[in-house]
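Geometric and topological summary
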Amino acid sequence: MLFFFAWPGDVLSQVSKPRAESGRTVYSLNDKWQFAKDSADHPYNAINTLTHWQNVTIPHTWNATDVMSDEHPYYRGAAWYKRNLVISNDSQKQVFLYFDGVNQEAEIYINGKKAGEHKGGYTRFCIPVSSFIKTGTNAVNEIAVKVNNRFNEDIPPLTADFTFFGGIYRNLYLVTTNSVHFNTNDFGGSSIRITTPSVTTARASVVIKAQVYNEGAARTIKLVSTIFDSDGKIIATLSKNQKTAKGKADTVSQSGIVVNNPKLWSPDHPYLYNVVTQIIDNKNGEIIDELSTPLGFRWYSFDADKGFFLNGKPLKLIGASRHQDYKDLGNAVRQELQSHDIELLKAMGGNFLRVSHYPQDPVVLQMCDKLGIIASVEIPVVNAITETAGFTDNCSNMLREMIAQNFNHPSLVIWAYMNEIMLRPKFAKDKPRQQQYFENIVKLAKHLDSICRAQDPARYTMIANHGDYNLYTRTGLTAVPQIIGWNLYQGWYSGDVSGFGKFLDEHHGQPAKPVIVTEYGADADPRIHALNPVRFDKSIEYAEHYHDVYLKAILERPFVAGAAAWNLVDFNSESREETMPHINNKGLMTDDRQPKATYYLYQAALKKEAFIKIASESNIVGVEDSTGTTCTRQVRVYTNLKGVKLSLNGQDLAGGKAEDFSYTFTVPFRPGMNYLEATADNQTVKDFETVEVFIQPNELKAFKADAQPLSILLGAKRYYYDMLNKQTWQPDQPYRKGSWGSMGGHAFKMVNGRQSYGSDKAIAGTDNDPVFQTQQVGIEGYRFDVPDGQYELTLNFAELSGGKVSDPLPYNLGTSEVTVPGYQERIFDVFINNQCVLKELNIAREVGFAWAMSKKIPVTVTRAQGIQINFKALKGEAVLNAIQLKRIY
Ligand code: GCB
């Protein structure tokens, strides 16, 4: 059988022979689609009126860039993909289109006729197209796919802290089979389900169920399953005859297979067998259809007090949850990058992946099988439900798809189906109605739970709740699944980190079910550092402290079966407006997979081989310490060894014993390049780091023309590194004679807010949001005691009060409401050395709310007067967000 592909006008060309598994061909169809947005949501017969078609390759999303823009909101609506295809096909073949993921509604048209549709963005679906296609070398078929990522109240997720990227964003395939084939109408699954009802070190039993579908005349076939070990040696073969009738799927069950002394599957030894299942022609022995399925032998259980057991031994599950996007690509991420994430989780020492909040590319669980990562997977019923039959049906269908498609992964032990479903309960003002809503949630949960248990009695079920214990128990939701997942953020959205252990202990055993900490995390913007970290400063150091405490508490409690840090990687979340707008920074790695210090903590804690890593910033700007020649900083070295040594520029610093996987050194950096070398325990492992340091003199009389600009954030205690301009902004200080600093005023604060650190609004007109998100309110003056010379002063402003008040954030797990202080007109004059340089400045009037405004002012200093800036409030209070002083000559 041959395929030809053609675009009208192109010369027909033969492509290489597709990968063939006897009787079945699987042909990738990712290339050269045409794509156009369709905001008017046309029907198929009007697509030729669309202009602006562009060539795209799958995986594709139309939101890769608009989600990062403050000015252009991301497109949620309809779009079309189309391409032509010539199928020089044996007309006896059955033809199917398989889509691995289209977000989120898809309608498939072949030659102008609707061949099928699918709802839900995270599962595979199969569209039979045999009756719609024309075959023959001259017959051009048009495939058109309408995709929509609009809000649809019947399709979960309704809201969530991640971006709903529209598009055909996973691979798609054209599959052909003979008229007798494994059932393709199996919720996107292969129709083969393999179970291992009993496994011990001595013996394992295997049951294989497959559905055989016959589209032709009745006949008897033979189903043959062969188990191979990882060297390709045959371990067992089973054969069974089956009568098949036209238009019917018959389930063939093969049991009685016993494997003696099975090699067990585990994180340390993820041994995989392979099962090849064939439909064979009884008469001539030809293979009619054939599929391969991975097989791993393991047994496991969860216990409410003792945690998780694998193959009879306790195993603490520790790892991370993962979203599927990547920097600048949105969700259109090729499989190479997806598999790499699982390698990174393994390299972290992790043995657990919560595939959240939706099923992901098939390669993710394949990698978990191969690398030995135990996994849970869930459907995206997040934050809220809709009480309609349509919503329930879509949830049930997604769940069946998830189960059918992932049933055979040895790595998978948990099916989950709800996340923080009571986060912002609807009908807050109508309690009886709200009670009914809660009952409907519990009813849906029971329905979904019963589907899981009926489909797969061997695995566990789970719901992930946010930390409102009373709400989830009072409504009866915790009674439904077998495992309770808690997403806990004490010390982030509320309270203090010590609340984490307290929560776990207080609620342990109530109800008496196994517990997994399904989420915990703190935002860490890799550009932000703090010497004295506090909640919400978004510094790496606060996140290190947070994870220290959480990890210790998890390891100390045997009843905590597992924990998944939120999140393996930073990810897109359209509605977030923080230091990095539209990004959730709770990742242990950045969105382009650069490890943060928190990743090293897990490596030190979890890796079995010797590990050491210096977690230092590579660029430091700081004020000189009392020696006058150095700038002292704390540097943490993560290790799983005990005695740790660090040398700075060849000189040993006082070393010590690592506790809880790290040791913190006090390091007196010199200006310029510094070289750090860390060793531990007999120097079995080493790590090196270079750190470039710029030291600001305490006394500005030494502020030379070749010095770095003095870049100061007001109302902040954090450091911010502007990666593009390679400049570090440092926190302000109250003015000190001979030095610099502000006079008067106080730091900007949200009212009653969970967000006590500046503003969390995205600042338009800049990529350096942290430069503008904090400010000194009521400032009276600023002074630099610089020597005579020519300078350029930049005053940075943004109006942080007033303006658009965002809706309550769907992901705000704290209890307090956030309010932005109301705007009161603010007008002020700015004087430099008694000369008015900004008259009647009104930031809101000039640029609007939350918009960056920078005023550069040349200043010549003579007669040793320094630079004295004065703010004269005419209406409201004067503000200043950041200030930068550059010496020109
Ligand atoms: C949660 C949600 C998750 C959010 C996370 C956060 O509890 O389940 O979707 O991304 O909190 O970062 O706020």
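About the thresholds
- Residues numbered from 1 in each chain as written.
- Predicted model: local features only at pLDDT ≥ 70, side-chain atom pairs only at ≥ 80, totals over all residues.
- Heavy atoms only, no water.
- UniProt positions renumbered as here; feature names shortened; annotations may be inferred.
- Helix = DSSP H or I, 4+ residues; strand = E, 2+ residues; numbered from the N terminus.
- Rg over C-alpha atoms; globule rule 2.2 N^0.38 Å.
- Buried < 20%, exposed > 50% of the residue type's maximum accessible area, 1.4 Å probe, protein only.
- Contact = heavy atoms within 4.5 Å.
- Areas by Shrake-Rupley, 256 points an atom, 1.4 Å probe, with all protein chains shown as cover.
- Lys, Arg positive; Asp, Glu negative; His and termini not counted.
- Charge placed at Lys NZ, Arg CZ, Asp CG, Glu CD.
- Expected span 1.5 Å × (residues − 1).
- Pairing = 2+ DSSP bridges.
- Domains from an automatic or database assignment.
- Buried area = accessible area lost by both parts, 1.4 Å probe.
- Polar contact = N/O pair within 3.5 Å; in protein donor to acceptor, adjacent residues only side chain to side chain.
- Axes fitted to C-alpha atoms, helices over the stretch in contact; angles between N-to-C directions.
- Parallel < 35°, antiparallel > 145°, perpendicular 65-115°, else oblique.
- Left-handed = near helix turned anticlockwise from the far one by under 90°.
- Nonpolar A, V, L, I, M, F, W, Y, C, P; charged D, E, K, R; others polar.
- Near = heavy atom within 4 Å.
- Salt bridge = Lys/Arg side-chain N within 4 Å of Asp/Glu carboxyl O.
- Core = buried A, V, L, I, M, F, W, Y, C linked by side-chain atoms within 4.5 Å.

Going by an unreviewed UniProt entry, the protein chain carries the name Malectin domain-containing carbohydrate-binding protein and comes from Mucilaginibacter straminoryzae. For the protein chain, the Sequence similarities (unreviewed entry) comment in UniProt is given as "Belongs to the glycosyl hydrolase 2 family."

Digging into the overall build of the protein chain
The number of helices and strands found in the protein chain is 10 helices and 59 strands. Whereas a compact globule of 889 residues would reach a radius of gyration of roughly 29 Å, the protein chain reaches 31 Å, a difference of no more than 12%. Viewed in the frame of its principal axes, the protein chain has a C-alpha envelope of about 105 × 70 × 60 Å. Counting across all 889 residues of the protein chain, residues that qualify as buried make up 61%. Contacts spanning at least 24 positions in sequence make up 72% of the contacts within the protein chain whose residues lie at least 6 apart. Only carbon and sulfur atoms are counted for the fraction: they give 50% of the accessible area of the protein chain, which is about 34,400 Å². Computed over 93 positive and 94 negative side-chain charges, the separation of the two mean positions in the protein chain equals 3 Å.

With respect to helix H3 (residues 389-406)
In a regular helix each residue adds 1.5 Å, so 18 residues correspond to 26 Å; H3 covers 26 Å between its end C-alpha atoms and thus fits that length. For H3, the set of buried residues is Phe391, Asn394, Cys395, Ser396, Met398, Leu399, Glu401, Met402, Ile403, Ala404, Gln405 and Asn406. Where H3 is buried, its residues meet strand S11 (113-119), strand S17 (192-195), helix H2 (362-371), strand S29 (374-378), strand S30 (412-419) and helix H4 (431-455).

Some points on the pairing of strand S59 (residues 882-887)
The buried fraction of S59 is high, at 5 of 6 residues. Pairing of strand S53 (residues 789-797) with S59, which is carried by 6 bridges, proceeds in the antiparallel orientation. In the sheet register, Glu792 faces S59, and the bridge partner there is Lys886.

Here's the deal with the domain arrangement of the protein chain
Domain boundaries assigned for the protein chain yield domain 1 (25-177), domain 2 (192-295), domain 3 (324-608), domain 4 (611-696) and domain 5 (700-887). A C-alpha centroid distance of 30 Å is found between domain 1 and domain 3. Domain 1 puts 31 residues into the contact, and the matching count from domain 3 is 41 residues. Carbon and sulfur atoms supply 55% of the area that domain 1 and domain 3 bury against each other, a total of about 3,100 Å² over both sides.

Quick look at the side chain of Thr277
By the secondary structure assignment, Thr277 is in strand S22 (residues 273-281). Under the relative-accessibility criterion, Thr277 is labelled buried at 0%. A distance of 3.5 Å separates the side chain of Thr277 from the side chain of Ser225, its partner in a polar contact. Those residues in contact with Thr277 that sit more than four places away from it in its chain are Phe182, Ile192, Ile208, Leu223, Val224, Ser225, Asp289, Glu290 and Leu291.

Details of the packing of helix H7 (residues 540-556) against helix H8 (residues 597-606)
Where H7 meets H8, the closest approach of the two axes is 9 Å, and the angle between their N-to-C directions is 30°. The angle between the axes of H7 and H8 places the two elements in the roughly parallel class. Between H7 and H8 lies a crossing whose hand is right-handed. Contact residues: H7 offers Ile540, Ala543, Glu544, His547, Asp548 and Leu551, while H8 offers Ala597, Thr598, Leu601, Tyr602 and Ala605. A per-class count over the contact of H7 with H8 returns 7 nonpolar, 2 polar and 2 charged.

Some words on the site of the ligand
Not every one of the 15 residues close to the ligand is listed here, only the nearest: Asp161, Glu420, Tyr493, Glu519 and Lys586. Here His357 contributes a side-chain N or O atom positioned 2.7 Å from an oxygen atom of the ligand. Of the residues contributing to the shell around the ligand, the split by class is 6 nonpolar, 4 polar and 5 charged.

Things to note about the environment of Trp566
Mapped onto the elements of the fold, Trp566 is located in the loop between strand S35 (560-565) and strand S36 (571-572). In this structure Trp566 comes out as buried when scored by relative accessible area, which is 3%. Separated by 45 residues in the primary sequence, Trp566 and Gly521 have C-alpha atoms spaced 5.0 Å apart.

Here's the deal with the pattern of salt bridges
The full count for this structure, using the stated rule, is 38 salt bridges. The salt bridge involving Lys856 is made with Glu792; its shortest N-O contact spans 3.7 Å. Residue Lys856 is found in strand S56 (residues 853-861), and its partner Glu792 is found in strand S53; the two are separated by 64 residues along the sequence. When the shortest N-O distance is used, the salt bridge between Glu825 and Lys875 registers 3.0 Å. Here the residue Glu825 occupies a position in the loop between S53 and strand S54 (827-832), and Lys875 occupies one in strand S57 (residues 867-875), the gap between them amounting to 50 residues. When its relative accessible area of 34% is taken as the criterion, Glu825 is described as partly exposed. Looking at Lys875, the relative accessible area reads 43%, which means it is partly exposed. Through salt bridges with shared partners, a single network forms among Asp505, Lys552, Glu556, Arg557 and Asp660.

Focus: the pairing of strand S5 (residues 33-38)
Across 3 bridges, the pairing between S5 and strand S6 (residues 54-56) is antiparallel. Each residue of the ladder has a partner; that of Trp33, found in S6, is Val56. In terms of strand pairing, S5 meets strand S7 (residues 78-86) through 5 bridges, oriented antiparallel. Counterpart to Ala36 in the pairing with S7 is Trp80.

Structural notes on the nonpolar core
Within the largest apolar cluster, 156 residues are counted, with the highest numbers of intra-cluster contacts made by Tyr782, Phe784, Ile867 and Ile869. Apart from the residues lying within four places of it in its own chain, the contact partners of Ile869 are Glu780, Gly781, Tyr782, Phe784, Leu793, Leu795, Val830, Phe831, Ile832 and Ile883. One finds Leu29, Trp33, Ile58 and Ile127 within the second-largest nonpolar core, a separate group that totals 30 residues.

Examining the sheet that holds S56
Pairing within the open sheet is mixed, and its 7 strands lie in the order S34-S47-S48-S46-S59-S53-S56. Bordering the open sheet on either side are strand S34 (528-530) and S56, each of which pairs with just one other strand. This sheet shows a mean twist of 20° between the axes of neighbouring strands, independent of strand direction. Judged from the 3 bridges that link them, strand S47 (residues 718-722) and strand S48 (residues 727-731) form a sheet pairing that is antiparallel. Within S48, the position partnered with Tyr721 by the bridge is Thr728.

Focus on helix H6 (residues 498-507)
The complete set of buried residues in H6 reads Gly499, Phe500, Gly501, Phe503, Leu504 and His507. Buried residues belonging to H6 abut helix H5 (469-474), strand S32 (483-487), strand S33 (515-519), H7 and S35. Phi turns positive one or two residues past the end of H6, at Gly509, with a value near 85°.

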